[in-house]
Structure formats: C-alpha cells, structure tokens
Amino acid sequence: MSLSDPLGDMLTRIRNGQRARQSRIVSPASRLRADVLDVLKREGYIRGYSSEDVRPGVRILNIELKYSEGEPVIKEINRVSKPGRRVYAKIKELPKVYNGFGVSILSTPRGVMSDNEARAANVGGEVLCRVF
C-alpha cells in the first residue's frame, strides 16, 4: 500500500500509541522518519528507537514511547508541512512553539534538526512538524 504522507502516518502512530498508553509502537522505516526520530530522541520526547529487518528489502522502526509520572511526554504532535501545502521558514521567521517550551522539526540543507539547532546553525528550511 502506498502512502501519500509517510511522515504524517508515523506521527499519527505516535499520537495514537500514547493515547492508548503503549510502551512501544511499530512504523515502516525510511530515512526521513529515522532522522525525525533522532531529533525527538535528542530533545527528550521518546526513549529511543531501533531498526529491524522484517524480510529482505523491508525494514521497520520500533519506537519506545516516553512517559513521565504516567502521563505522555508528548502532549501534542502536529504535521505542519503537508504534501498538498509545503511550509518553509527563513531563519528569522522560525516560530517558537509554546514560547520555547515546544520544538519545531525542520528539514534543512544541513539535515533534519530542531528549531533551536537551526537557529544556532543559521539555516532555515521546511517546517515538518511541531511537538509539545
């Protein structure tokens, strides 16, 4: 089955997994998904993830969700740039998510990074999603 928005699918799986209080979820693997998960792990929103071969040519990502005192660490996770409407931001136009308490994940010429890392590297790019 072909997906029109693979990253949006992974974010929905994370959102639904945390609402169902699951400790681990599974998502099909891709490089962009792994890069976004790297940023989520660096920012402390997930425990971690691992890649696993199901059969030759097919990989999955096992994502370990994180909870604090029984409540999900991720309160809100939304896709910003969608296949039908791409959203780009210059370095000076990068919005702060919940006054700096949340994070935006961007795809830049230097790779996928959080908004704070993009400000430090002085690069803009496509705003993939917002996490709080």
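Here, every reference points to the structure presented above.
As the structure is a computational prediction, the values presented were derived from the model and not from experiment.

Q: I'd love a proper account of helix 2 (residues 31–42), names of residues and values included.
A: Its 12 residues give helix 2 an end-to-end C-alpha distance of 17 Å, which sits within 8% of 16 Å, the value for a rise of 1.5 Å per residue. Buried within helix 2 we find Arg33, Ala34, Val36, Leu37, Val39 and Leu40. A positive backbone phi angle near 90° is found at Gly44, which sits one or two residues after helix 2.

Q: Got a sec to walk through the environment of Val58? Specific residues and values, please.
A: Looking at the element boundaries, Val58 is found in strand 3 (residues 58–65). When the C-alpha atoms of Val58 and Val112 are compared, they prove to be 23 Å apart, with 54 residues separating the residues in sequence. In this structure Val58 touches Glu52 and Asp53, once residues within four positions along its chain are discounted.

Q: A description of the environment of Arg13 should follow, citing residues and the corresponding values.
A: Following the sequence through the fold, Arg13 ends up in helix 1 (residues 6–19). Separated by 118 residues in the primary sequence, Arg13 and Val131 place their C-alpha atoms 14 Å from one another. Apart from the residues lying within four places of it in its own chain, the contact partners of Arg13 are Ile25, Val26, Ser27 and Pro28. Polar contacts involving the side chain of Arg13 include one to the main-chain carbonyl oxygen of Val26, which spans 3.0 Å.

Q: Please set out the packing of helix 1 against helix 2 residue by residue, giving values where relevant.
A: Between helix 1 and helix 2, the shortest axis-to-axis distance is 10 Å and the interhelical angle comes to 45°. Regarding the angle of helix 1 to helix 2, the classification is oblique. Crossing of helix 1 over helix 2 shows right-handed handedness. Between helix 1, through Pro6, Leu7, Asp9, Met10 and Ile14, and helix 2, the contact on the second element is made entirely by Leu32, Arg33, Val36, Leu37 and Leu40. When its residues are assigned to classes, the contact of helix 1 with helix 2 shows 8 nonpolar, no polar and 2 charged.

Q: Outline the environment of Leu32, listing residues and values.
A: Of note, Leu32 is situated in helix 2. Note on Leu32: relative accessible area 35%, which makes it partly exposed. Expressed as a C-alpha distance, the spacing of Leu32 and Tyr98, which sit 66 residues apart in the sequence, is 25 Å. Not counting residues up to four positions away in its chain, the partners in contact with Leu32 are Leu7, Val112 and Leu128.

Q: Break down the layout of surface pockets for me, with residues and values.
A: The computed volume of the largest pocket comes to approximately 180 Å³. As for the largest pocket, its lining consists of Ile14, Arg15, Gln18, Arg19, Glu71, Pro72, Ile74, Lys75, Glu76, Ile77 and Asn78. At the level of elements, helix 1, strand 5 (71–72) and strand 6 (77–79) are the ones that each hand at least two residues to the lining of the largest pocket. Partitioning the lining of the largest pocket into residue classes produces 4 nonpolar, 2 polar and 5 charged.

Procedures and definitions
Residues numbered from 1 in each chain as written. Predicted model: local features only at pLDDT ≥ 70, side-chain atom pairs only at ≥ 80, totals over all residues. Heavy atoms only, no water. Helix = DSSP H or I, 4+ residues; strand = E, 2+ residues; numbered from the N terminus. Expected span 1.5 Å × (residues − 1). Buried < 20%, exposed > 50% of the residue type's maximum accessible area, 1.4 Å probe, protein only. Contact = heavy atoms within 4.5 Å. Polar contact = N/O pair within 3.5 Å; in protein donor to acceptor, adjacent residues only side chain to side chain. Axes fitted to C-alpha atoms, helices over the stretch in contact; angles between N-to-C directions. Parallel < 35°, antiparallel > 145°, perpendicular 65-115°, else oblique. Left-handed = near helix turned anticlockwise from the far one by under 90°. Nonpolar A, V, L, I, M, F, W, Y, C, P; charged D, E, K, R; others polar. 1 Å grid on protein atoms, 1.4 Å probe; cavity = no way out; pocket = protein on both sides within 12 Å on 5 of 7 lines; lining within 4 Å. Points joined across faces, edges and corners; volume = space filled by probe spheres on them.

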